[in-house]
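Structural features, examined
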Number of protein chains: 2
Amino acid sequence: MNHSEATHDLRLRGYRVTPQRERILQVFYDLPAGTHLSAEELHQLLSNESSTPISLATAYRTLRLLASLGMLRELDFSEGHKHYELNRATWEPHQHLVCVECSTPVEFTGAAVADAARQVAEGYGFEVLDIQLKIHGVCATCRGQGK
Amino acid sequence: MNHSEATHDLRLRGYRVTPQRERILQVFYDLPAGTHLSAEELHQLLSNESSTPISLATAYRTLRLLASLGMLRELDFSEGHKHYELNRATWEPHQHLVCVECSTPVEFTGAAVADAARQVAEGYGFEVLDIQLKIHGVCATCRGQGK
DNA sequence: GTGCTTGCAAATGCTTTGCAGGGTG
DNA sequence: CACCCTGCAAAGCATTTGCAAGCAC
């Protein structure tokens, strides 16, 4: 699914295709895979361009809408605000390592965790849509610095 | 580590043992394993008893303190507020299945995911303190009801 | 007695919402 | 041309913080 197919899909589902929604979708399609934006970041990014100013309220509303339609994935890194990224057909589970000392986040993806998780979910009769793993720990740098 | 060892540890680390902190620690030690409370829930629970009224601000402050000391674990279920539980010596990774349709949460623990996660973390030189897995999907009930 | 802690209330940060005007289908 | 969307500002939650009084050590 590309940008124009997405807007077409929006219309099909009974939602109107507004310049704001088109622009926001395009932003996410243009984003490198694995990049994610918060509502505030999206709003900032669109404020910088003179063409399509979008209110913060609309940014929030649109992100929620697109996430509820499955077009975007909602990520929660416990930073006090949510992040969103394009829900690509071939998604990888999101895995996040956070150092409790310096808060440095490391992102990665891996199959082993996903497989294990999928197996459990299926045991409960769940159809898996998204897998998010968060590991808290102490990074190598902070471990080195005494304690 | 039990309740009184915990308060002793508090003192050792230079923090004062106040009635509020003792009472909150006791609440968590009395809680069945796997149960978790939000700041609001803790505050409610303590408001019901005539003996130790604790302000909401103190509930928040104490939860944050105990979590930073590693005595409590901070859980984030994407419900808009955090939950806390006792960080027992033999903790199991927290795994959370959430149905995107009906929001029903299913909690479970399992070794397979933990092992896979631990392996990745060690690859990055991390000392693992906590593992939290969140799976979004559609539960059996909601899958049954057409869609 | 010193200064960490508490309570209160006000402030903050993220997100949602009511309402009136505007644009899509 | 009906109704969904947007923008604005105000409201809503969860959580944090400034300050004066209180209590642990």
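See the structure above.
Residues numbered from 1 in each chain as written. Chains lettered and ligands numbered in written order. Predicted model: local features only at pLDDT ≥ 70, side-chain atom pairs only at ≥ 80, totals over all residues. Heavy atoms only, no water.

This brings us to the pairing of strand β6 (residues 127-138) of chain A. When you tally the buried positions in β6(A), you get 10 out of 12 residues, the bulk of the element. Of the pairings in the sheet, the one linking strand β4 (residues 94-99) of chain A to β6(A) comprises 6 bridges and is parallel in character. Within β6(A), the residue paired with Leu97(A) across the bridge is Ile135(A). One ladder, built from 11 bridges, connects β6(A) with strand β5 (residues 127-138) of chain B; its direction is antiparallel. By the bridge assignment, Val138(A) is partnered in β5(B) with Glu127(B). (Buried < 20%, exposed > 50% of the residue type's maximum accessible area, 1.4 Å probe, protein only. Helix = DSSP H or I, 4+ residues; strand = E, 2+ residues; numbered from the N terminus. Pairing = 2+ DSSP bridges.)

In the vicinity of DNA strand C, 21 residues are found, and the nearest of them are Arg16(A), Tyr60(A), Arg16(B), Thr58(B) and Arg61(B). Counting only the atoms of DNA strand C that lie within 4 Å of the protein, the sugar and phosphate share comes to 63%. Within the backbone of Val17(A), one N or O atom sits 3.1 Å away from a phosphate oxygen of DNA strand C. Going through the elements one at a time, α4 (56-68) of chain A together with α2 (19-30) and α4 (56-68) of chain B are the ones with two or more residues in the surface near DNA strand C. Among the elements that take part in the surface near DNA strand C, α4(A) stands out by supplying 4 residues, more than any other. Taken together, the residues of the surface near DNA strand C break down into 7 nonpolar, 6 polar and 8 charged. (Near = heavy atom within 4 Å. Polar contact = N/O pair within 3.5 Å; in protein donor to acceptor, adjacent residues only side chain to side chain. Nonpolar A, V, L, I, M, F, W, Y, C, P; charged D, E, K, R; others polar.)

Tallying the contact residues gives 33 residues for chain A and 33 residues for chain B. Counting each side, the surface lost to burial between chain A and chain B is near 3,000 Å², with a carbon and sulfur contribution of 68%. Summed over the three residues of chain A that lose the most area to chain B, namely Tyr124(A), Phe126(A) and His136(A), the buried surface amounts to 19% of that side. Seen at the junction of chain A and chain B, the total is 1 salt bridge. The salt bridge partner of Lys134(A) is Asp76(B), with a shortest N-O separation of 3.9 Å. (Contact = heavy atoms within 4.5 Å. Buried area = accessible area lost by both parts, 1.4 Å probe. Salt bridge = Lys/Arg side-chain N within 4 Å of Asp/Glu carboxyl O.)

In this section: the protein's contact with DNA strand D. Neighbouring DNA strand D are 22 residues, the closest being Gln20(A), Thr58(A), Arg61(A), Tyr60(B) and Lys82(B). For DNA strand D, the fraction of atoms within 4 Å of the protein that belong to sugar or phosphate moieties is 70%. Side-chain polar atom of Arg16(A) to a base oxygen of DNA strand D: 3.1 Å apart, as the coordinates give it. For DNA strand D, a phosphate oxygen lies 3.2 Å from a polar atom in the side chain of Arg11(B). Contributing elements (two or more residues each) for the surface near DNA strand D: α2 (19-30) and α4 of chain A together with α4 of chain B.

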